[in-house]
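Below are the chains, spelled out letter by letter.
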Amino acid sequence: MNPFSAQILLHLLCFLSLSFSYRHPLDPLEPSEISAIRNKIKSSLLGSSDSPFGFHYVGLDEPDKLTVLSWQSDPSSHPLPPRRAFVILRAGGQTHELYIDIANNSIASHSIHLGNGYPMLNLEEQSAVALLPFSYSPFVESVKKRGVELKQVLCTTSSVGWYAERVYDGRRVMKLQCFVAGGTVNVYMRPLEGITILVDLEVMDIVEYKDRFVVPVPVAAGTDYRASTQIPPYGPRGNRVVVAQPEGKGFTIQGNLVRWANWEFHVGFDARAGLVISLASISNEESSSYHSVLYKGFVSELFVPYMDPSEEWYYKTFFDNGEYGFGPYSSSLKPMIDCPTNAEYMDGYYANGDGSPVRIPNVFCIFERYAGDTSWRHTEIMLPEIVITEAREEVSLVVRTVTTSGNYDYVFDWEFKTSGSIKVLAGLTGLLQIRATDYTQSDQIIGEQHGELVAPNTIGVYHDHYVTYHLDLDVAGPVNSFVKASLHTVRSKDATTPRKSYWTVIKETAKTEADGRVKLSTEPPAELLVVNPGVKTKLGNTVGYRLINNGAAATSLLTDDDYPQIRAGYSKKQLWVTPYNKSEKWVAGLYTDQSRGEDNLAAWSMRNRPIENTDIVLWYTMGIHHIPSQEDFPLMPMLTCDFELRPFNFFERNQLISTKPFNNGYWAN
């Protein structure tokens, strides 16, 4: 072997060794694993039957938490846990659950779901459903009656929800809404109003059709949002802004493990949740070892109910995670558009309806952010003949993903700060769901329209956005408690002071799940803390993290007996606390499509289990009541909401005092 070939072989062996070394128990399924799972199922008796079937979820069946934590404590002494997958598919009109032993290429278990609700819809069946109206003569006549060419019409699918008085006889169904595509790419602004189409997914046929009224289709003019279609006069344009890191990036990615500054965490992709952050740990100035903060965090559900109770709209109460899944609708992020120039990217994979792996390139971006902000500063002028100004930059690390759920685009950020904080952000942009109307001026409107006139013949319908996060905090270990440190006003009774009142803090440790439910608007102001009773600082304070609400604290205004509210019972409170349970991942239940509220967070919490001094999970919901305005037309500017997980006596002092500046600030030698 010549030296050059030997060098190539050495590099290859090193690469393979590194690849193996950085395999992680929480790594998402690889495309080869997805293909092997598909082949195994299709070669089984289930796949060899005459009944057509489709894959609806293929994901990692995560090892037990204690197994992962044992492996993490000393990977060299613990082998990687066996790889297993969880699969949901439909066959023979039934929902099948399979656990796949990947290492042994075998089906470990197979059962049939007999309860209410159905799995996530897959893209292939939705595409097939959307074509059905074009060969259905009543629909063709409806289009003709509106003076529209059939070739300009597009249809999209909509989940139907659950309404006890409108039973679908156990059928798995969807509804369709259709739009006119001519003259603009912004088809959502041009609906064919008044038409309702119900499709049975098992027989792939239209089973109910209504055309109740005709109103004008809104015009295409002024709805196209592309830069290439805009005409003068243009808005102002500033000078170019660039991001530069002359010394290179300050973070490393090894497999799915990310290290930056004092943080280490794992990044994963799931077909339902999209971005998953796991095993987030931080080091302190006194020790190079990492201390756990967050075992797992992800968006568990995105509930978007519309407020129009009419025949064509009442069922539009979307559960975007459970009914559609974030994974297949995740975007390939574009440099300089979705992420800055200093970003690194990661791909994601999910299984399509046939079970084959689908790659989404650049599904995540990771970048360091510095926008000129300050993490701390002080100017001291009291010292004689000297003025001291000291500050540190606010440099952070951001992990970003974008999901397009129909008309809306959602930007999800996890931002890690050297102070120990994790800032979690959800951004809303994209297109309104609008209802066509006869009205062209607001002074023409008579009666309740369930929305606002945002353009001629265009009503932006009132709706909500509820983003619920699954937050399995492990503050300095998995044994934690939830504490409400409430602020109470006290009347001063001390005659020696002229003060009449002050506030003090009363701390209450939640004993059971009932104690861990918080509706922010009805309780005294409070610090919401997760603490580890078994770990204390040198001063004797219990270490903890606090959840800080930064707005977007709306809760549901629907009545408790309304069917969408029954399915999303958790949306009446911003915060719930439950004991850790591996099976409780999805706040609206595993089978959300046409669910009936029997398997969701509100139902689990009724057991009122103990949550003190144990492994607990926080479920936090950010809520927005959206009243559309003309500025939201024809495309909505980004609206952001966020919360923060911030250290509370977790460190001995401010972590940033001894942190060297990221940039060329002064630092004594």
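Conventions used here
- Residues numbered from 1 in each chain as written.
- Predicted model: local features only at pLDDT ≥ 70, side-chain atom pairs only at ≥ 80, totals over all residues.
- Heavy atoms only, no water.
- Core = buried A, V, L, I, M, F, W, Y, C linked by side-chain atoms within 4.5 Å.
- Buried < 20%, exposed > 50% of the residue type's maximum accessible area, 1.4 Å probe, protein only.
- Pairing = 2+ DSSP bridges.
- Helix = DSSP H or I, 4+ residues; strand = E, 2+ residues; numbered from the N terminus.
- Axes fitted to C-alpha atoms, helices over the stretch in contact; angles between N-to-C directions.
- 1 Å grid on protein atoms, 1.4 Å probe; cavity = no way out; pocket = protein on both sides within 12 Å on 5 of 7 lines; lining within 4 Å.
- Points joined across faces, edges and corners; volume = space filled by probe spheres on them.
- Nonpolar A, V, L, I, M, F, W, Y, C, P; charged D, E, K, R; others polar.
- Disulfide = S-S within 2.5 Å.
- Salt bridge = Lys/Arg side-chain N within 4 Å of Asp/Glu carboxyl O.
- Phe/Tyr/Trp six-rings, centres within 6.5 Å; stacked < 30°, edge-to-face > 60°.
- Lys NZ or Arg CZ within 6 Å of the ring centre and 35° of its normal.

Draft legend 1. Spotlight on the nonpolar core. Counting 104 residues, the largest nonpolar core has Phe139, Leu192, Trp414 and Tyr469 as the members making the most contacts within it. In this structure, Ile37, Ile41, Leu46 and Leu60 belong to the second largest nonpolar core, which totals 16 residues.

Draft legend 2. Expanded view of the sheet that holds strand β20 (residues 434-436). Sheet architecture is open: three strands sit in the order β20-β22-β21, paired in antiparallel fashion. Edge strands, defined here as strands with exactly one partner in the open sheet, are β20 and β21 (451-455). Taken over all neighbouring pairs, the strand axes of this sheet differ in orientation by 40° on average, direction set aside. Taken together, the four bridges between β21 and strand β22 (residues 458-461) define a ladder with antiparallel strand orientation. Bridge pairing in β22 links Glu452 to Gly460.

Draft legend 3. Structural context of empty space enclosed by the protein. Within this structure, the stated rule accounts for seven cavities of 30 Å³ or more. In this model, the largest cavity occupies a volume close to 240 Å³. Listing elements by their share of the lining of the largest cavity, those giving two or more residues are β1 (53-60), β11 (263-270), β12 (274-284), β13 (287-305) and β15 (344-351). It is β11 that contributes the most residues to the lining of the largest cavity, four residues altogether. Counted by class, the lining of the largest cavity contains 15 nonpolar, four polar and four charged residues. By volume, the second largest cavity amounts to about 120 Å³.

Draft legend 4. Structural context of the state of the cysteines. Evaluated as defined, the whole model comprises two disulfides. Between the sulfur of Cys155 and that of Cys178 lies a disulfide, 2.1 Å long from S to S. The sign of the S-S torsion, about 100°, decides the handedness of the disulfide formed by Cys155 and Cys178: right-handed. Here Cys155, found in strand β5 (residues 153-158), pairs with Cys178, found in strand β6 (residues 173-180); they are 23 residues apart in sequence, far enough to count as distant. There is a disulfide in this structure between Cys339 and Cys365, and the S-S distance comes to 2.2 Å. On the sign convention where negative means left-handed, the S-S torsion of about -90° between Cys339 and Cys365 marks this disulfide as left-handed. A residue pair is termed long-range when its members are at least 10 positions apart, and Cys339 in the loop between α7 (320-324) and β15 and Cys365 in strand β16 (residues 357-380) qualify at 26 residues. When the bonded cysteines of the protein chain are numbered from the N-terminus onward, they pair as 1-2, 3-4. Cys641 carries a free sulfur, and the closest cysteine sulfur to it, the one in Cys365, is 18 Å from it.

Draft legend 5. Here's a closer look at the pattern of salt bridges. Scanning all chains against the criterion turns up 40 salt bridges. The salt bridge involving Arg146 is made with Asp211; its shortest N-O contact spans 2.8 Å. Here Arg146 is found in the loop between α6 (137-145) and β5, whereas its partner Asp211 is found in strand β8 (residues 205-211), with 65 residues between them in sequence. For Arg146, a relative accessible area of 10% puts it in the buried group. Asp211 sits in the partly exposed class, given a relative accessible area of 23%. Here Glu584 and Arg609 are joined by a salt bridge, their closest N and O atoms 3.0 Å apart. Of this pair, Glu584 sits in the loop between β28 (575-579) and α9 (601-605) while Arg609 is found in the loop between α9 and β29 (616-626), placing the two residues 25 residues apart along the sequence. Here Glu584 matches Arg609 in class, with each residue buried.

Draft legend 6. The packing of aromatic side chains, seen in detail. A full pass over the atoms with the stated rule returns 28 aromatic pairs. Each ring, one from Tyr324 and one from Tyr329, has its centre 6.4 Å from the other, and the planes form 85°; the classification is edge-to-face. Like Tyr324, the residue Tyr329 is buried in the burial classification. Positioned over the ring face of Tyr580 is Lys65, at 4.8 Å from the centre of the ring. Between the NZ or CZ atom of Lys316 and the centre of the ring of Trp313, over which it lies, the distance is 3.8 Å.

These figures come from the coordinates and say nothing about function on their own.
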